[in-house]
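Architecture at a glance
For reference, the chains in residue letters:
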Amino acid sequence: MNTFHSKNVVVGAGISGLMLCESLVNQGEEVTLIGPVDTRVQTICTWRHKDKPTQYADHIINSWDQWGFSFSNHTQTHRGNKFLYEALNGQSLKKALESRLSESLNFTRLVETVDRTQAVDNRFEVTTKNSTLTATNLFDSRPPQFGRNTLVQQFFGIVVPTRYITEKLTHPKLMDFTLPQRFDGALAFTYILPLSAETTLIEATIFARTAVPFGALRSMAIEWLVQNSGEDFNEDMVLYDESGCLPMGNVEPLFAGHPIGLASGSARPCSGYALSGLERQLSELTHENSYSSVTRSPYSKLSAWMDKIFLRVLNREPQFGLTIFSAMTGGLSGDRFAGFMTDNFTVVDALRLITTMPKYPFIRAVLENDK
């Protein structure tokens, strides 16, 4: 059993763990990262202001200045004059981060699974099969426990050759509600991402009180494919798949030390977008030189209030979300919609958004919130 000390120990080698390590190393900090190499295929989508440079240029799969929504009786297309919607190759990004970190003398890598973490006096102790580490600061990116009344955003996506899809998609469909609702206590939709001229991601997603079997979501994605291809399904159509479950609300960290990533609220509660939240946390870490910035929600008070009201309404009746999103996408411009998604909006924008919504459910939620 090897025993040693590291000032900073990060548990979990996903996007959040790797990006935190790089941020700390760039500040001259000593860091040890523990966890198996994360080789999962991962498509990460985010919004970016057109005037701001990206640090992910080598990992962009595609980007669009338009995005659409499909409902049973109409479609809606947004154009972003200020914003782009981008898809990143998470697998490529993780590999690049691992490679850059390996070149630093301040970085130590243990490709092991953590058995136990605990606080001991004024330090932390981390145990693996072969090692025991002590740390001044411990950061843990492993999944949290969802809080009481926290909705789940669960998804299963299949990537297929674009040639099977009859409609030539020039931009993403962020929400497609053309399939029938099928889950009790859940809002279901498909998310269609034309990754390239050759491949398209079809992702079945639910906002729900409880998770469902991933197989049920896979079947929903296949149903959309069959309906939009005119061909019978066979397994050879699927090139690869990806899946996950994100919190829409409060979370409770399960491990010792500082929670990071989803465990620290990096995911926007109303949408699940997490990369921009993580970037904000790391930016504050750089400017404040304070570890507390990566452990707290990076979103504004106005955004937190809007999300709380929205989720209160959705939690009461998830399928009412169909009415909400129809009104929201029809009542907002592309830039205002993207601004809300990225927490770049004002009180005036918030009021404009509220006026697009069905009044009674939101008034009721606001009054309950003020009790």
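I will try to describe carefully the structure that is included in this document. If you're wondering where the values come from, they're calculated on a predicted model, not measured in any experiment.

Attention now moves to the side chain of Asp335. Counting through the fold element by element, Asp335 comes out in helix H7 (residues 334–341). Put simply, Asp335 is tucked away with no salt bridge, and the nearest opposite charge, on Lys82, sits 5.6 Å away. Polar side-chain contacts of Asp335 include one of 3.1 Å to the backbone nitrogen of Asn81. Once you skip the residues sitting within four places of it in the chain, Asp335 turns out to touch Arg79, Gly80, Asn81, Lys82 and Phe83.

The next subject is helix H5 (residues 301–316). Its 16 residues place the ends of H5 23 Å apart at the C-alpha level, agreeing with the 22 Å of an ideal helix rising 1.5 Å per residue. Turning to H5, its buried residues are Ser303, Met306, Asp307, Ile309, Phe310, Leu311, Val313, Leu314 and Asn315.

Before going further, it helps to examine the nonpolar core. Within the largest apolar cluster, 44 residues are counted, with the highest numbers of intra-cluster contacts made by Trp47, Trp67, Tyr85, Leu193, Met328 and Phe337. Element by element, the count of residues in this core is highest for H5, at 6 residues. Ignoring any residue separated from it by four or fewer positions in sequence, one finds Phe337 in contact with Trp47, Trp67, Phe69, His78, Leu174, Met328, Thr329 and Leu332. Formed by 26 residues, the second largest nonpolar core is a distinct cluster that contains Val10, Leu33, Leu88 and Ile260.

Moving on, we come to the sheet that holds strand E3 (residues 43–49). A sheet is described by the order of its strands in space; here 3 strands give the open sequence E3-E7-E4, paired in antiparallel fashion. Each having just a single partner strand, E3 and strand E4 (60–64) make up the two edges of the open sheet. For this sheet, the mean inter-axis angle between neighbouring strands, taken without regard to orientation, is 25 degrees. Pairing between E3 and strand E7 (residues 83–89): 7 bridges, direction antiparallel. Within the sheet, the bridge partner assigned to Ile44 lies in E7 and is Leu88.

The subject of this paragraph is the side chain of Asn315. Within the fold, Asn315 resides in helix H5. Looking at Asn315, the relative accessible area reads 18%, which means it is buried. Ignoring anything within four residues of it in the chain, the contact list for Asn315 reads Asn149, Leu151 and Arg209.

According to the stated counting rule, one finds 19 salt bridges in the structure shown. Between Glu235 and Arg218 there is a salt bridge; the shortest N-O distance is 2.7 Å. You can see Glu235 sitting in the loop between helix H3 (214–227) and strand E17 (240–248) and its partner Arg218 sitting in helix H3, a full 17 residues away along the chain. Note that Glu284 and Arg296 form a salt bridge whose closest N and O atoms lie 3.4 Å from each other. In this pair, Glu284 is assigned in helix H4 (residues 275–288) and Arg296 in the loop between H4 and H5, connecting sequence segments 12 residues apart. Taking relative accessible area as the criterion, Glu284 reaches 25% and is therefore assigned partly exposed. The class for Arg296 is partly exposed, based on a relative accessible area of 35%. Several salt bridges share partner residues, and in doing so they unite Asp38, Arg40 and Lys94 into one network.

Moving on to H7. With respect to burial, H7 is a largely interior element, 7 of its 8 residues being buried. Along H7, the residues classified as buried are Gly334, Asp335, Phe337, Ala338, Gly339, Phe340 and Met341. Once H7 finishes, Asp343 follows within two positions and takes phi at roughly 60 degrees, a positive value.

What follows covers the packing of helix H1 (residues 15–26) against helix H2 (residues 90–102). At a closest axis distance of 10 Å, the pairing of H1 and H2 adopts a crossing angle of 35 degrees. The hand of the H1/H2 crossing is left-handed. In contact with Ile15, Leu18, Met19, Cys21, Glu22 and Val25 of H1, H2 contributes Gly90, Leu93, Lys94, Leu97, Glu98, Arg100 and Leu101. Class assignment for the residues of the contact of H1 with H2 results in 8 nonpolar, 1 polar and 4 charged.

A few words now on the packing of aromatic side chains. Aromatic ring pairs are reported here in terms of the distance separating the ring centres and the angle at which the planes meet. Throughout the structure, instances matching the rule amount to 14 aromatic pairs. With centroids separated by 6.0 Å and ring planes inclined at 70 degrees, the aromatic side chains of Trp47 and Tyr273 adopt a geometry described as edge-to-face. One end of the pair, Trp47, is in strand E3; the other, Tyr273, is in the loop between strand E19 (258–259) and H4, and 226 residues separate them in sequence. Neither Trp47 nor Tyr273 differs from the other in exposure class; each is buried. Grouping aromatic residues by their ring pairs yields a cluster made of Trp47, Trp64, Trp67, Phe69, Tyr85, Tyr273 and Phe337. Cation over ring: Arg163 sits above Tyr164, and NZ or CZ is 4.9 Å from the ring centre.

Cut-offs used in this document
- Residues numbered from 1 in each chain as written.
- Predicted model: local features only at pLDDT ≥ 70, side-chain atom pairs only at ≥ 80, totals over all residues.
- Heavy atoms only, no water.
- Helix = DSSP H or I, 4+ residues; strand = E, 2+ residues; numbered from the N terminus.
- Buried < 20%, exposed > 50% of the residue type's maximum accessible area, 1.4 Å probe, protein only.
- Lys, Arg positive; Asp, Glu negative; His and termini not counted.
- Salt bridge = Lys/Arg side-chain N within 4 Å of Asp/Glu carboxyl O.
- Polar contact = N/O pair within 3.5 Å; in protein donor to acceptor, adjacent residues only side chain to side chain.
- Contact = heavy atoms within 4.5 Å.
- Expected span 1.5 Å × (residues − 1).
- Core = buried A, V, L, I, M, F, W, Y, C linked by side-chain atoms within 4.5 Å.
- Pairing = 2+ DSSP bridges.
- Axes fitted to C-alpha atoms, helices over the stretch in contact; angles between N-to-C directions.
- Left-handed = near helix turned anticlockwise from the far one by under 90°.
- Nonpolar A, V, L, I, M, F, W, Y, C, P; charged D, E, K, R; others polar.
- Phe/Tyr/Trp six-rings, centres within 6.5 Å; stacked < 30°, edge-to-face > 60°.
- Lys NZ or Arg CZ within 6 Å of the ring centre and 35° of its normal.

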